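Below are the chains, spelled out letter by letter.
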Amino acid sequence: MAFDPEKGPSTVDYSAHDQTSLDQDGTISHETGIMAKLRAVEAAMDKKLGLESEAITRKRPEDKRKVHWVEELSMAFLWASGTMNTSCFATGFLGWEFGLTLKQSILISIFTSILAASLSGYCATFGAATGLRQISVSRYSFGWWPNKLVALLNGIQQLGWAAVACITGGLALTAVSDGHVSLILGIVILAVVALLISVVGLNAILIYERYAWMVFFIIFMIIYGETGKYADNSAPATVTGTSFSGAVLSLIAVVYGSSASWCTMASDYYVHYPTNVSRVKVFFMTTFGIAIPTSIGLVAGCVVASALNSKPDWSDAYENQGIGYLIQDILYPRGFAKFLLTLLVLSGINVNVISIYSSAISFQQLSRPFGRVPRFIWTLFCFALILALAIGGRQKLNTYLQDFLSLLGYWCTSYAVILFEEHYIFRKGNFDNYDLEGWNDPARLPLGIGASVAFILGVVAWCMGMDETWFIGPLAKLIGDAGGDIANEFTFVVTALSYIPARYLELKYFGR
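Residues numbered from 1 in each chain as written. Predicted model: local features only at pLDDT ≥ 70, side-chain atom pairs only at ≥ 80, totals over all residues. Heavy atoms only, no water.

- By the naming in an unreviewed UniProt entry, the protein goes by Nucleoside transporter and is assigned to Aspergillus carbonarius.
- Recorded in UniProt under Sequence similarities (unreviewed entry), the annotation for the protein is "Belongs to the purine-cytosine permease (2.A.39) family." (UniProt positions renumbered as here; feature names shortened; annotations may be inferred.)

Rendered as structure tokens:
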């Protein structure tokens, strides 16, 4: 049984030197040389280990089995394991750094997480209904060629998230070892463990992530218990007027990017569910499976950050040694703190597992030749890039968080709005209006003109409203002394208003 990752299985056998598959038009094509050998290796590993060699192929309704309710809990627990981590804890400090009070930081973190997670929850509902991965789903609005840019952006996004997780996890590992394990070595260790889990495929990921969150939930409850008494909500905000507005908007942008960034890969983990699974269930379990654990980590960071003014030893550890040493200082007794910190190191692995898996799938969809490269090769490629990003950015974690997470939210907003309007306005909210059999045929997909126009105008909106360390847009400059990030809000409006007429004209003149 031969398999082309973009086209599905064929009934022609292959050897290690000549792999045969069926093209879209049904003709037989042959692969020879190193590529055939690699695909033969992947097929053999799939047979023995369930390596998931057919990652991007559509999962048809007749090929799906009934999912037990315990497995359905993965709709929430998968994200809980991937979001309740040291990266979210570190992000929680940004409200304090922006000059906001504890109460303000907490309220912004919770409500923004819920809002942003709802985008990911909505996108997740396409997985079971279509049997397609998220980047394949967006072909029905972005078309064949423009969607390749979406695939590239998603791949880069997941690699960046994984790099952040490696840095925070590496800092924790360095603290545990009292500096004997360098930050670089800690980053490498986290990335390697995540690589091993990701290579195996979706089944291993779902089983691992279904239970991993429990450990981190207990740890964060301990953090709350041991640090809550030091929380300081009496200190006033250090920014006022328009500068206060700018700080609030910038924090919203960072937190929003943290939770919204899952929307471009959410359905990847639902393709195996039956087609008739409740979309309402998928939406709420995904939304709160992301929002609640993310908020737990963010609020813990807010609480500890508020105490830095009255705890100079904590402040010194945070400013001069890093988040790992700070966690070690705030927990007691010291031996117990080291034990918990060791467990927290694993939280970076959880993010990496999800990110490596989805980024590899995205890169497979950049072109047909890329799709024929085995998924495990792309996984190794992503592993190498994550190491490069994490090692290169290891000394600038807060800058990395502020710039990278904000940037994620911008394009994810455009992506989710386009999918929403395409589904409910042009497809009438009915999956029968999707030509699911033509998911991999450019001639049966939209040209993507409407989505391209809306997306490009969205990019203009980002640039006008973004507030990053390397660039402040003209609209963002008008808000306070340091600027205020309104890129997401502006992008939402511009994309929503431009996609409808652009897509209507595309249908009128091109008919698809």
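Still more ground to cover, so stick around.
A few points about the overall build of the protein
Then step 1. A count of helices and strands for the protein gives 23 helices and four strands.
Then step 2. Among the 512 residues that make up the protein, the fraction classed as buried is 61%.
Then step 3. If you take every contact in the protein between residues at least 6 apart in sequence, the share linking residues at least 24 apart comes to 80%.
Then step 4. Accessible area of the protein: about 19,300 Å², with a carbon and sulfur share of 68%. (Helix = DSSP H or I, 4+ residues; strand = E, 2+ residues; numbered from the N terminus. Buried < 20%, exposed > 50% of the residue type's maximum accessible area, 1.4 Å probe, protein only. Contact = heavy atoms within 4.5 Å. Areas by Shrake-Rupley, 256 points an atom, 1.4 Å probe, with all protein chains shown as cover.)

Regarding the nonpolar core
For soluble globular proteins, nonpolar side chains are generally found buried alongside one another.
Then step 1. Of all hydrophobic cores here, the largest spans 126 residues; its most connected members are Trp79, Phe89, Phe93, Tyr269, Ile323 and Leu326.
Then step 2. When residues in this core are grouped by element, the largest group, 14 residues, is from helix H17 (residues 334-364).
Then step 3. Leu100, Val248, Val254 and Leu298 belong to the second-largest nonpolar core, a separate cluster that totals eleven residues. (Core = buried A, V, L, I, M, F, W, Y, C linked by side-chain atoms within 4.5 Å.)

Some remarks on the environment of Gly121
Then step 1. Checked against the element boundaries, Gly121 lands in helix H6 (residues 102-124).
Then step 2. By relative accessible area, Gly121 is classed as buried at 0%.
Then step 3. Residues Gly121 and Arg279, 158 residues apart in the sequence, show an inter-C-alpha distance of 9.5 Å.
Then step 4. Apart from the residues lying within four places of it in its own chain, the contact partners of Gly121 are Phe283, Thr286 and Thr287.

Description of the pattern of salt bridges
Then step 1. According to the stated counting rule, one finds nine salt bridges in the structure shown.
Then step 2. Its salt-bridge partner being Lys281, residue Glu72 comes within 2.9 Å of it at the nearest N-O pair. One end of the pair, Glu72, is in helix H2 (residues 69-72); the other, Lys281, is in helix H14 (residues 279-306), and 209 residues separate them in sequence.
Then step 3. For Glu72, a relative accessible area of 15% puts it in the buried group.
Then step 4. The residue Asp178 makes a salt bridge to Lys338 at a minimum N-O spacing of 2.8 Å. (Salt bridge = Lys/Arg side-chain N within 4 Å of Asp/Glu carboxyl O.)

With respect to unusual backbone geometry
Then step 1. The amide bond that connects Tyr332 to the next residue, Pro333, takes the cis arrangement and shows omega of -5°.
Then step 2. Positive phi, close to 55°, is recorded for Asp178, a residue that is not glycine.
Then step 3. Examined against the element boundaries, Asp178 turns out to sit in the loop between helix H10 (146-176) and helix H11 (183-200).
Then step 4. Since its relative accessible area comes to 41%, Asp178 is described here as partly exposed.

Topic: the packing of H17 against helix H19 (residues 375-392)
Then step 1. Between H17 and H19, whose axes approach to 8 Å, the crossing angle comes to 115°. Where H17 crosses over H19, the handedness of that crossing is right-handed. The residues of H19 that touch H17, namely those facing Ile356, Tyr357, Ser359, Ala360, Phe363 and Gln364, are Arg375, Trp378, Thr379, Phe381, Cys382 and Ile386.
Then step 2. For the contact of H17 with H19, a count of residues per class yields eight nonpolar, three polar and one charged. (Axes fitted to C-alpha atoms, helices over the stretch in contact; angles between N-to-C directions. Left-handed = near helix turned anticlockwise from the far one by under 90°. Nonpolar A, V, L, I, M, F, W, Y, C, P; charged D, E, K, R; others polar.)

A few points about the layout of surface pockets
Then step 1. When its volume is computed, the second largest pocket comes out at roughly 400 Å³.
Then step 2. Listed by contribution, the elements that provide at least two residues to the lining of the second largest pocket are H6, helix H13 (241-260), helix H20 (397-426) and helix H23 (487-510).
Then step 3. Of the residues in the lining of the second largest pocket, the class split is eleven nonpolar, four polar and two charged. (1 Å grid on protein atoms, 1.4 Å probe; cavity = no way out; pocket = protein on both sides within 12 Å on 5 of 7 lines; lining within 4 Å. Points joined across faces, edges and corners; volume = space filled by probe spheres on them.)

As for the packing of H10 against helix H16 (residues 323-330)
Then step 1. Where H10 contacts H16, the axes come no closer than 7 Å and their chain directions differ by 55°. In this view, H10 runs oblique relative to H16, as classed from their interaxial angle. The way H10 lies across H16 gives a crossing that is right-handed. For the pair H10 and H16, the contacting residues are Thr168, Leu171, Ala172, Thr174, Ala175 and Val176 in the first and Ile323, Gly324, Tyr325 and Gln328 in the second. (Parallel < 35°, antiparallel > 145°, perpendicular 65-115°, else oblique.)

Quick notes on a nonpolar patch on the surface
Then step 1. On the surface, Leu447, Ile449, Val453, Leu457, Tyr504, Leu505, Tyr509 and Phe510 cluster together into a nonpolar patch covering about 750 Å² of accessible area.
Then step 2. Counting only elements with at least two residues in the nonpolar patch, the list comes to helix H21 (449-465) and H23.
Then step 3. Looking at which element gives the most residues to the nonpolar patch, the answer is H23, with four residues.
Then step 4. Mapped onto the elements of the fold, Tyr504 is located in helix H23. (Patch = residues over 30% accessible without salt bridge, like charges linked within 9 Å, V, L, I, M, F, W, Y side chains within 5 Å.)

Concerning the side chain of Thr101
Then step 1. With respect to the secondary-structure elements, Thr101 resides in the loop between helix H5 (94-97) and H6.
Then step 2. Here Thr101 falls in the buried class, since its relative accessible area comes to 12%.
Then step 3. Discounting chain neighbours no more than four positions away, the residues touching Thr101 are Asn233, Ala235, Pro236 and Ala237.

Quick look at the side chain of Lys148
Then step 1. One can find Lys148 in helix H10.
Then step 2. Residue Lys148 is classed as buried on the basis of its relative accessible area of 11%.
Then step 3. In this structure Lys148 touches Gln365, Leu366 and Ser367, once residues within four positions along its chain are discounted.

Observations regarding helix H3 (residues 74-83)
Then step 1. For H3, the tally of buried residues reaches nine of ten residues, placing the bulk of the element in the interior.
Then step 2. Of all the positions in H3, only Ser74, Met75, Ala76, Leu78, Trp79, Ala80, Ser81, Gly82 and Thr83 are classed as buried.

Some points on helix H15 (residues 312-320)
Then step 1. All of the buried residues along H15 are Trp314, Ser315, Ala317 and Tyr318. Relative to the axis of H15, the buried residues are bounded by an arc of 165° and lie together on one face. Exposed and oriented more than 90 degrees from the buried face of H15 are Pro312 and Asn320.
Then step 2. One or two residues past the end of H15 sits Gly322, with phi positive at roughly 115°. (Arc of directions from axis to C-beta.)

Comments concerning a negative patch on the surface
Then step 1. Together, Glu97, Asp313, Asp316, Glu319 and Asp329 make up a region of like negative charge exposed at the surface.
Then step 2. The element best represented in the negative patch is H15, accounting for three residues.
Then step 3. Here Asp316 lies in helix H15.
Then step 4. For Asp316, a relative accessible area of 40% puts it in the partly exposed group. (Lys, Arg positive; Asp, Glu negative; His and termini not counted. Charge placed at Lys NZ, Arg CZ, Asp CG, Glu CD.)

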